[in-house]
Amino acid sequence: MITAAVQEREHYLNASYGIKSWLLTKDHKRIGLLYLATITFFFFLGGAFATLIRVELLTPQGDLVSSETYNKLFTMHGVAMVFFFLIPAIPATLGNFFLPMMIGARDLAFPRINLLSWYLLVLGGLLSLYAMLAGGVDTGWTFYTPYSTSYSNTWVIATALGIFVAGFSSILTGLNFIVTVHRMRAPGMTWFRLPLFVWSTYATSVIQVLGTPVLAVTIILLFCERVFHLGIFDPTRGGDPVLFQHLFWFYSHPAVYIMVLPAMGVISELVSVYSRKPVFGYHFVAFASVAIAVLGFLVWGHHLFVSTQSLYAGLVFSFLSYFVAIPSAIKVFNWTATLYKGSISYATPMLYAFGFIGLFTIGGLTGLFVAALGFDVHVTDTYFVVAHFHYIMVGGTIMAYLGGLHYWWPKMTGRMYPEGWAKLSALVIFLGFNLTFFPQFVLGYLGMPRRYHVYPPEFQVLHVLSTAGASVLAVGYVIPMIYFIWSLRYGKVAGANPWNATGLEWQTASPPPAHNFDQSPVVTHEAYDYSTVLGEVEVG
Amino acid sequence: MASEAHAETPALREQFDTEEQQKDASTLGMWIFLITEIMFFGGMFLAYIVYRGANPLVFAVASSSLNVYIGAANTVVLLCSSFTMVLAVRGAQLGQRQTIVLFLILTLILGGVFLGVKAYEWNEKFQEHHVPGPAFHFEGLPPELQGRAQLFFSLYFAMTGLHALHMVIGVGILSLLIWQARKGTYSAAYMTPVDVSGLYWHFVDIIWIFLFPLLYLIDRHLGK
Amino acid sequence: MTEHIDRVRTYALVFAVLIALTVLTTAVAFVDLGPFSVVVALAIAVGKMLLVALFFMHIRHSTRLTRLVVLGGLLWLIILILLSLTDFATRTWVGVPGR
Amino acid sequence: MGELRLLPEQASTIAPEVDHLLYFLLVVSVFFTVAIFGAIFYFAVRYRRRSEQELPNPVHGGLTLEILWSVIPFGLTMVMFTWGASIYFTEARPPGDALSLYVVGKQWMWKLEHLEGQREINELHVPLGRAVKLTMTSEDVIHSFFIPAFRIKQDVLPGKYSTIWFKPTKPGRYHLFCAEYCGARHSGMIGWIHVMEPQEYQNWLTGGAAEGTLASSGEKLFEGLACNNCHHADSSGRCPTLVGLFGKTVQLAGGGMVKADEAYIRESILQPQAKVVAGFQPIMPTFQGLVTEEDVLRLVEYIKSLGAKAAPEGTPTPGGVPAPKR
Ligand code: HEA
Ligand code: HEA
Ligand code: CUA
Ligand SMILES: [Cu+2]
């Protein structure tokens, strides 16, 4: 294995130079980095909006910003975070970079389309950004009609088109991944030898391909209604606003699994590597990903329990919602069981993995709360729901994303991150996170509605706690940003396989050569067989 | 440089090992793209079902105002274009350059005719004030049902409009293919672009196969 | 996948049937079939779709995976429509407005 | 800053039910959360890596275990489902003897009307211990009627009616929130629910300066809009009688039946041609644009009261207006 002299060796970063070599690259690894830069930008943008929201909510009166501005803030926060950060976050960065390597391919099946999909994300991002700068948009990230079609006089169209374009990016990424996994696996890489990250990314891609087009057409119809005065959802012409909600959530519920499935894939990798054991119940975890992707399409109506949706539809959707919980539960239990009798390392990525499992459990279990009809009637559109989804998306997915980023950072850059700082920031993030969002469960059950700019004074204590937590959290997020950049220059040089991991991506140099492998790999082992990577071992 | 990488040609891009692998990948990619299209139109089909179910009579009346003969004729035009397309693909499979070009041009012309007819129909709607919006008026329905008639025409315009947009894109693709085919890019060994464009074209045809009865035919007897 | 080239005659035949079905469905529209108007129109449309897909789009010769993809797409369309109808079709069952 | 509470006040019959469900959910989640955190913590310490070259023996998964930890959670979720659904059922079906009230939401206020004609804005007075049913609609965008102390919420949509009901169990003053985002002053669309002792409520009702009951202002409208030119008390002439209509099942022209509820009557006034009564000509003009949503509610209430007059078994309500038939 090649470990010598990173500097002289040719790899994907120094294979060519100049802006053009990046902007026209077809190398999935470089495209992954382009994505990384893009979504990091949107994360901090969304985070800045969140900061303003939290500061505003320090006091019950609306004294920092006007109502109009506040409404724009949470809308733009939701839009930036969901469509331009979290949906592309793991698949388009880590997935793009590592999926081809993990299956032993030289690249994705359609490198040009891959590059195109990055451009589409940027274009969509710019459109939405333009809308934000030009005056913002205030419909909530859910764009409910008729507010969004006939009443809002903000930049709905530019934002919606931005999301539409980004949706294309998402579809193309998904399509590319599916074809790649089907057609480009290295010899010997059978389906059940695939690392679990590949399984979950594959399942994610299926959702992207089947769900996103429905969002696309919904946006088009919204567009036609606002611009051409067609009347698809317009109640004054007999249209039904609830139909809009069905169409929106047909995509947006499965989309939450676009956000969490790749995270689960990362966790499967981390848990295995840092306990040096194959993932317990590999087949179950693999199939659970697919099950979540499929079942995830059957439950969208649980967002409509008080929308005047029919009682019977409510029953069906609530019932089906509980089915998604089972594969999620299977995953959580299997990860935990993997630790049993393992050789557990406390490397930073593993700390994030622990954080993920715990916080995802809380977020997921509160998902069961809101899936219970009579309970949801009380808490829907309150901070309880806000807390539920932040627990999964921030406590879960972002933790996994950061964990994955730390884990693969040596491979991507050839350098180690500073372990001490990394541990510290993981801890800060965990504590800050809980302080921010736990009080919101209580707030929500007390009846604090979401999207409220001013609120009754009795809710203030909990809001203050939440804001305090958010400040800690912000610090936690800024630290990695700094040391990652620092490590590019000063980090310890990483070997090809600093973690003794088994994936094919670790069997090539760090950073990898332009075509990933000097020799096309041939796979002869199951995934996660650590006896193949540890030289001499002590059996424990 | 990686030892395995080979010189890239359109017939074999460097990420693939064999031409067959590449062809399979492209075909699969196209099919996956087509199912995204199914879901895209699916959203509108759902809207159509819901609203037709809620307003059967108004929809029947409104849809009876469309000209069936024009619709049927246009369906035939589109089917003809599918036929010529499939012959173009067959030509490509056999590596017959002339045949490809000829049938692609025929397909292009038929596609153009379809769009022309569609434009004519749309224009008619504008003159009859059947375009949703403030100026909308549908004779024969009382004022309070005008809104629901607008619902029908909103769906009509959205569905035929997006279908037409797909046709326009198809026409663009065809033009590109014709240009390349004339240059002799395609052969029996490398004809994937023709093949997958054919899939796309037929798919757009299938959408119309459903739009035609849904918008023009169903429940005409109620409308009288 | 070895290339399978259909004969022109096959295509021509399929094409002829498609045209015939178009004429048929148009003609039937003028007959009052009551609620069956929808059924017949859609049945014919599905028939036409199958012809185009099987012959013109070569599903007849395609791999299992391709068929799976197509069936998956159709299944998802059905999910979208049927599950939405659990709402729209049962709106009046409880007899309380908005429930 | 107010005091720090953990649970909102329990002030309706539904509230304790929802709270009990909460306790169950909490117990289940705390159990699993503690179990998982505990297991992770224990394993992490117990099996920490002791040397760099350590290689543990792989532990292989077992089918029994997998089945066990799928089936047990599944059973628990089914309890959650059934429990939640049963509360939802209760919430969806107002009791027959409920006091009827009307709500119109608009950007950014709640307009509430009592049968007796009292009108309130962002305030609602209701008697203790009596079920209250609200029929709601919106003049513009979607709003949502939310009373945390009662644990109930329902969206209020333009162009259609929705229903919510509650039975207060504790006198006091409770928050009313708009819970569906509706534009700039969404957070200002709030109010108070006053739950009063029945006697106090009576005094309040009679004390207020009402211009006649809701039904009687509906009657005035009925005359003012010349509805009575066509609709007579008997079925003479070209129009169906509206007496006894409410709650009846109406036969429609072209087949089909429809229950004459609030939504149907509203539609009959705004879109008479959408559902035509069998045996009549579609000659009724639309009143769309001529009447506001509130007017429509008054007309609906008037027509309901006609129904009750024809059916003397209706029990009298505190306001003296007979309750609508079940
Ligand atoms: C990544 C994002 C993500 C994920 C993964 C989920 C996962 C789940 N969500 Fe969540 N949800 C959101 C993001 C997410 N959600 C967002 C953004 C909203 C609000 C949108 C808006 O309105 O703006 C929302 C809103 C939302 C609602 C609507 C609330 C309302 O508006 O009133 C509901 C209702 O059913 C719901 C349910 C669920 C369920 C049942 C799961 C399940 O998949 C959870 C499964 C996981 C577990 C169950 C935990 C692990 C299991 C165990 C530890 C074992 C023990 C298990 C048992 C006892 C079964 N979610
Ligand atoms: C991926 C999704 C995602 C992520 C990561 C987050 C992250 C955060 N969110 Fe958000 N949130 C949503 C998705 C997400 N959110 C969605 C979908 C909604 C619903 C929107 C709607 O109702 O339409 C929502 C709504 C929402 C609300 C409710 C608003 C309301 O209903 O009125 C609140 C309130 O506390 C909130 C807070 C936060 C906080 C404190 C973070 C923190 O985790 C963020 C921490 C990050 C940073 C703080 C950035 C890094 C630090 C800096 C850049 C420092 C410098 C800062 C400045 C210079 C200002 N979010
Ligand atoms: Cu009304 Cu929010
Ligand atoms: Cu959901």
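This write-up is about the structure you can find in this document.

Reading the values: the criteria
- Residues numbered from 1 in each chain as written.
- Chains lettered and ligands numbered in written order.
- Predicted model: local features only at pLDDT ≥ 70, side-chain atom pairs only at ≥ 80, totals over all residues.
- Heavy atoms only, no water.
- Near = heavy atom within 4 Å.
- Polar contact = N/O pair within 3.5 Å; in protein donor to acceptor, adjacent residues only side chain to side chain.
- Helix = DSSP H or I, 4+ residues; strand = E, 2+ residues; numbered from the N terminus.
- Nonpolar A, V, L, I, M, F, W, Y, C, P; charged D, E, K, R; others polar.
- Phe/Tyr/Trp six-rings, centres within 6.5 Å; stacked < 30°, edge-to-face > 60°.
- Buried < 20%, exposed > 50% of the residue type's maximum accessible area, 1.4 Å probe, protein only.
- Lys NZ or Arg CZ within 6 Å of the ring centre and 35° of its normal.
- Pairing = 2+ DSSP bridges.
- Axes fitted to C-alpha atoms, helices over the stretch in contact; angles between N-to-C directions.

Considering the site of ligand 2
Residues and elements named next belong to chain A.
Thinking step 1. Taken together, 35 residues lie around ligand 2, and R54, Y70, H77, H390 and R451 are the ones closest in.
Thinking step 2. Take W141: an N or O atom from its main chain is 2.9 Å from an oxygen atom of ligand 2.
Thinking step 3. Within the residue set of the shell around ligand 2, elements represented by two or more residues are α2 (28-56), α3 (67-102), α13 (383-413), α14 (419-446) and α15 (460-490).
Thinking step 4. The biggest single contributor to the shell around ligand 2 is α2, with eight residues.
Thinking step 5. Within the shell around ligand 2, the residues separate by chemical class into 24 nonpolar, eight polar and three charged.

Here we look at the packing of aromatic side chains
Thinking step 1. Going through the model one piece at a time under the given rule, you end up with 89 aromatic pairs over all chains.
Thinking step 2. Their ring planes at 20° and their centres at 6.2 Å tell us that F244(A) and F248(A) sit as a pair that is stacked. Placement of both F244(A) and F248(A) in helix α8 (residues 241-275) is noted, with a separation of four residues, approximately one turn of the helix. Pair check on accessibility: F244(A) and F248(A) agree, each one buried.
Thinking step 3. Ring geometry for F150(D) versus F166(D): centroids 4.7 Å apart, planes at 35°, classification tilted. In this pair, F150(D) is assigned in the loop between β7 (143-147) and β8 (152-156) and F166(D) in strand β9 (residues 162-166), connecting sequence segments 16 residues apart.
Thinking step 4. Through a chain of ring-to-ring contacts, three or more aromatic side chains come together here, namely Y12(A), F97(A), F98(A), F197(A), Y274(A), Y407(A), W408(A), Y417(A), W499(A) and W506(A).
Thinking step 5. One Lys or Arg, R266(D), reaches over the ring of Y161(D) and ends 5.5 Å from the middle of that ring.

As for the sheet that holds strand β2 (residues 99-106) of chain D
Residues and elements named next belong to chain D.
Thinking step 1. Here five strands make up an open sheet; going across it, the order is β4-β3-β2-β6-β9 and the pairing mixed. Of all strands in the sheet, those bounded by a partner on one side alone are β4 (119-121) and β9. For this sheet, the mean inter-axis angle between neighbouring strands, taken without regard to orientation, is 25°.
Thinking step 2. Direction of pairing for β2 relative to strand β6 (residues 132-138): parallel, over a ladder of seven bridges. The residue of β6 that forms the bridge with V103 is M136.

Observations concerning the environment of R489(A)
Residue and element names in this part refer to chain A.
Thinking step 1. If you trace the backbone, R489 turns up in helix α15.
Thinking step 2. Here R489 falls in the exposed class, since its relative accessible area comes to 62%.
Thinking step 3. As for R489 and T413, which are separated by 76 residues in sequence, their C-alpha atoms are 9.8 Å apart.

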